[in-house]
Amino acid sequence: MNVLSVRDRRVVLWFVVAAICWRWLLAARTPLPGSEACHDLWLATRCAGGDLAALGTQWWAPFWALLLAPAVACGSSAWLAAQVGAAVLGGLAAWPLAVAAERRRAGAGVAAAALCMVAPGLCLAAGLGTDGNLVALLVASALGRWGTGARGAAVLCLLPGLGMLVGAWRNDAPLPDRWLAAAGLSEPLLAFAVAIGAARLPSLGRDLLLCVVVAPACYVAWHGQEAPSAAIERWLGRHLASRLQDGERLVSDRPRVAWAAGQRPVRLASSEAVLAAAASPEVAWLVLGEPLAASASLSAALAGTFARHPLPNDVVDAVAERGLSVLIRR
């Protein structure tokens, strides 16, 4: 069974460090957490405050929130804890993935670590605070444990299907969120397969192939982030939260606005869902994004109960650019 040489161990260790630094650099440029991460961040905050009953709202996958909760309890913001945790876990994933690839074929370990370092979906997921890098570490560890023999073949056959399943888990989620949800399963497997294939090439050909793959992956991750103007959603949530009275709530179809306001993010995918949520007298604010904000029928149905809320002049254009509509109960 092939294992990493002393030289390769050093190289892979440097790739682990580089992966953590690269993810953190991208995280520093990320204006907002991911829409799919917002419920985890809200849940981590609730658990850190002792509200363990909130786990009932996400019984199927509370693990990421539970990992973040201790850091939040110590005073960290949930999003910062998620970014740091994702960067570290994503970097650590390069080590078991390199071991798994080297066991499968001599000379594949370093290439697998390099590909894991720059995997664009995982790098973007770290900045957004999603659990993709945790999943990637688990997948890489599974490949390291069962990456050879008959069980290894079963793992290789199973993971692509799981990746597609997770990517389609939330059909109403935006396409980028579905892609990032699948990255934790699919990108470690892809790096594993490409590294094994590259190990068949001469050393010069392998190095050239890695350059061809690594450079575009870095480009995609660097330019794949949202524009800084997206941060207006976080400002808006905090601004409205400061105006909420005791017992009042804010409802939004934008999970990041709800998270910034300290409210539980709930996906509202239709006009009917918005009207049902707005029917509660506790709802003092509605923040809608496109296409719901542009729905004439929904606007007419809400007109008797809600009115447009005037915003400060210096943020009006930014809010309009994001297609947001801010309504206050009459």
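Residues numbered from 1 in each chain as written. Predicted model: local features only at pLDDT ≥ 70, side-chain atom pairs only at ≥ 80, totals over all residues. Heavy atoms only, no water.

The next point concerns the overall build of the chain. When helices and strands are tallied, the chain shows 16 helices and four strands. Counting the 330 residues in the chain, one finds 49% classified as buried. Expressed as a percentage of contacts within the chain between residues at least 6 apart in sequence, the contacts between residues at least 24 apart total 72%. Accessible surface computed for the chain: about 15,600 Å², of which carbon and sulfur atoms make up 64%. (Helix = DSSP H or I, 4+ residues; strand = E, 2+ residues; numbered from the N terminus. Buried < 20%, exposed > 50% of the residue type's maximum accessible area, 1.4 Å probe, protein only. Contact = heavy atoms within 4.5 Å. Areas by Shrake-Rupley, 256 points an atom, 1.4 Å probe, with all protein chains shown as cover.)

Ranked by internal contacts, the top residues of the largest apolar core, which has 57 residues, are Val12, Leu41, Trp64, Leu68, Leu97 and Phe192. The leading source of residues in this core is helix 6 (residues 109-118), at nine residues. If sequence neighbours within four positions are ignored, Leu41 has contacts with Pro33, Leu68, Ala78, Trp79, Ala82 and Trp259. Listed in part, the 15 residues of the second largest apolar core include Leu240, Leu250, Ala261 and Ala284. (Core = buried A, V, L, I, M, F, W, Y, C linked by side-chain atoms within 4.5 Å.)

Turning our eyes to something else, we now look at the environment of Leu288. Position of Leu288 relative to the elements: it lies in strand 2 (residues 283-288). Spatially, the C-alpha atom of Leu288 lies 8.2 Å from that of Gly323, the residues being 35 residues apart in sequence.

Bringing the side chain of Asp253 into the picture now. When you line up the elements, Asp253 lands in the loop between strand 1 (249-252) and helix 13 (255-260). One buried charged residue, Asp253, remains without a salt bridge, the closest side chain of opposite sign being Arg254 at 4.7 Å. Polar side-chain contacts of Asp253 include one of 2.9 Å to the backbone nitrogen of Gly289. Apart from residues no more than four positions distant in its own chain, Asp253 is found in contact with Leu268, Val287, Leu288, Gly289 and Leu292. (Lys, Arg positive; Asp, Glu negative; His and termini not counted. Salt bridge = Lys/Arg side-chain N within 4 Å of Asp/Glu carboxyl O. Polar contact = N/O pair within 3.5 Å; in protein donor to acceptor, adjacent residues only side chain to side chain.)

Turning next to the packing of helix 6 against helix 11 (residues 203-223). Relative to each other, helix 6 and helix 11 sit at 15°, their axes nearing to 9 Å. With respect to helix 11, the axis of helix 6 lies roughly parallel. You can see that helix 6 and helix 11 cross each other, and the crossing is left-handed. Every residue of helix 11 that contacts helix 6 at Ala111, Leu115 and Val118 is listed here: Leu210, Val213, Val214, Ala217 and Cys218. Broken down by class, the residue content of the contact of helix 6 with helix 11 amounts to eight nonpolar, no polar and no charged. (Axes fitted to C-alpha atoms, helices over the stretch in contact; angles between N-to-C directions. Parallel < 35°, antiparallel > 145°, perpendicular 65-115°, else oblique. Left-handed = near helix turned anticlockwise from the far one by under 90°. Nonpolar A, V, L, I, M, F, W, Y, C, P; charged D, E, K, R; others polar.)

Turning our attention to the packing of aromatic side chains. Tallied over the entire structure, the rule returns two aromatic pairs. Taking the centre distance of 6.1 Å and the plane angle of 15° together, the rings of Trp22 and Trp222 count as stacked. Note that Trp22 is positioned in helix 1 (residues 6-28) and Trp222 in helix 11, a separation of 200 residues in sequence. For Trp22, a relative accessible area of 17% puts it in the buried group. Seen from their ring centres, Trp79 and Trp259 are 6.3 Å apart, and the 80° between their planes marks the pair as edge-to-face. Highlighted residues: Trp79 in helix 4 (residues 78-92) and Trp259 in helix 13, separated in sequence by 180 residues. (Phe/Tyr/Trp six-rings, centres within 6.5 Å; stacked < 30°, edge-to-face > 60°.)

This brings us to the environment of Arg238. In this fold, Arg238 is placed in helix 12 (residues 232-241). When near neighbours in sequence (up to four residues on either side) are disregarded, Arg238 contacts Ala260 and Ala261.

Turning our eyes to something else, we now look at a nonpolar patch on the surface. Together, Trp24, Leu80, Val84, Val88 and Leu92 make up an exposed nonpolar region whose accessible area comes to about 390 Å². Looking at the element boundaries, Val88 is found in helix 4. (Patch = residues over 30% accessible without salt bridge, like charges linked within 9 Å, V, L, I, M, F, W, Y side chains within 5 Å.)

Bringing helix 1 into the picture now. With 23 residues, helix 1 extends 33 Å from end C-alpha to end C-alpha; this agrees with the ideal 33 Å at 1.5 Å per step. The complete set of buried residues in helix 1 reads Asp8, Val12, Phe15, Val16, Ala19, Trp22, Arg23, Leu26 and Ala27. (Expected span 1.5 Å × (residues − 1).)

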